[in-house]
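One letter stands for each residue in the lines below.
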2 protein chains.
Amino acid sequence: MMARMMNFCSHCGQPVALAIPPGDHLPRFLCKACGVIHYENPKLVVGCVPELDGRILICKRAIEPRRGYWTIPAGFMENDETLQQAAARECQEEALADVEIGSLLVVAHVLSARQVHVFFRAHLPTPSFGAGPESLEVDLVKPADIPWSDIAFPSTEFALRRYLEDRAAGAEQHHFATLERRL
Amino acid sequence: MMARMMNFCSHCGQPVALAIPPGDHLPRFLCKACGVIHYENPKLVVGCVPELDGRILICKRAIEPRRGYWTIPAGFMENDETLQQAAARECQEEALADVEIGSLLVVAHVLSARQVHVFFRAHLPTPSFGAGPESLEVDLVKPADIPWSDIAFPSTEFALRRYLEDRAAGAEQHHFATLERRL
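Note that this is a predicted model, so its numbers are computed, not measured. (Residues numbered from 1 in each chain as written. Chains lettered and ligands numbered in written order. Predicted model: local features only at pLDDT ≥ 70, side-chain atom pairs only at ≥ 80, totals over all residues. Heavy atoms only, no water.)

Details of the side chain of Thr82 of chain A
Point 1. With respect to the helices, strands and loops of the structure, Thr82 of chain A is situated in the loop between β7 (74-76) and α1 (83-95).
Point 2. Exposure remark for Thr82 of chain A: the relative accessible area of 8% places this residue in the buried category. (Helix = DSSP H or I, 4+ residues; strand = E, 2+ residues; numbered from the N terminus. Buried < 20%, exposed > 50% of the residue type's maximum accessible area, 1.4 Å probe, protein only.)

In structure tokens form, the structure reads like this:
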């Protein structure tokens, strides 16, 4: 189970309450027993669009949310890694593929999920891939065969469309967006 | 006091222990009582380099860490805001200045602090600024007057140097780096 509502202080175990700390402007979870302020901040989700000879590597999700829908390899950034290392690790875990991470493609604010999604271009050196434990299926598809009606998340579609547009234009720009979590 | 070591489950209040959950590859704080997994992820620190007519807005820190040293307006990203909104908010809070956020300047991985720093270029439309509660002093300085030996953090120096180099070259690139928390 993912972390849920904060009820208790993770430092001392006593109940917490929402209040605005002195000098602050937003309510935080405060522990009156030990004085710790528990800040909550957005999490980074990091991924890539891997390409080999014009084909794109996509994964069908084996887990919720959006099980059975297609996405690009991506997941929560861990401590002790760079964004690029996170993107490569997620591609290895979900698509069993070793990629070379390229330029920055997308930064998407998903406010309702309290997430920032960061996607890179990537190069898949050889057609070696497979379904990791979080994928039902992994496929290397021509752009014309991308299953647009079965894409998992708005940020997935945004990344794929900007990738293809930029590639057609011979450009490698980065794109900011503010998107919903679900369609 | 900032959040410290995780000892108790914030959901149910029972003790947590570090263990690798089934299907995972890293140790997490697990609650055996209620089953919640408490993930810890990097936090985003967001800021900007505000410029007006060739001068840069810098702030002398009134708070630890690095009280008395100079920085650019920056701070932790909140939920419910974009990176650009966070950068503008921090500039208003620390330098009492309303800026127009521009292009992406720096993404710095500060692994030892478990932080990702994101800095933008910014335009200060009028010379209206002052010291917010977290600043001892705010100054609009010529590049030659930047106090390089009294800069707060490696990411501050990296952002200022890349900003000035790019401006001299007439370019607006973005720069990735992996930096230490302190010099």
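Describing the interface of chain B and chain A
Point 1. Between chain B and chain A, the residue contacts involve 48 residues of the former and 48 residues of the latter.
Point 2. For the pair chain B and chain A, the two sides together bury roughly 4100 Å², of which 55% comes from carbon and sulfur.
Point 3. Of the charged contacts in the structure, one is a salt bridge between Glu78 of chain B and Arg28 of chain A, with a shortest N-O distance of 2.6 Å.
Point 4. Between chain B and chain A we count 18 residue pairs in polar contact (both at pLDDT 80 or more) in total. (Contact = heavy atoms within 4.5 Å. Buried area = accessible area lost by both parts, 1.4 Å probe. Salt bridge = Lys/Arg side-chain N within 4 Å of Asp/Glu carboxyl O. Polar contact = N/O pair within 3.5 Å; in protein donor to acceptor, adjacent residues only side chain to side chain.)

A few points about the relation of the copies chain B and chain A
Point 1. Screw-axis analysis of chain B against chain A gives a translation of 0.0 Å along the axis, an RMSD of 0.0 Å, and a rotation angle of 180°. What the rotation and shift describe, once combined, is the action of a two-fold rotation axis.
Point 2. Of all interface residues in chain B, 100% are interface residues in chain A too; the two copies therefore contact each other through one and the same surface. (Least-squares fit on C-alpha atoms with pLDDT ≥ 70 in both.)

Description of the state of the cysteines
Residue and element names in this part refer to chain B.
Point 1. Overall, the coordinates contain zero disulfides over all chains when judged by the stated rule.
Point 2. Not part of a disulfide, Cys48 finds its nearest cysteine sulfur in Cys91, a span of 4.3 Å.
Point 3. Classification of Cys48 by relative accessible area gives buried; the value is 0%.
Point 4. The exposure class of Cys91 is buried, given its relative accessible area of 0%. (Disulfide = S-S within 2.5 Å.)

Concerning the sheet that holds strand β2 (residues 28-31) of chain B
Residue and element names in this part refer to chain B.
Point 1. Taken in spatial order, the three strands of this open sheet run β1-β2-β3, and their pairing is antiparallel. The two strands at the open ends of the sheet, each matched to only one other strand, are β1 (16-19) and β3 (37-38).
Point 2. Of the strand pairs in this sheet, β2 and β3 are connected by two bridges, and their pairing is antiparallel. Residue Leu30 lies in a different strand from β3, and its bridge partner there is Ile37. (Pairing = 2+ DSSP bridges.)

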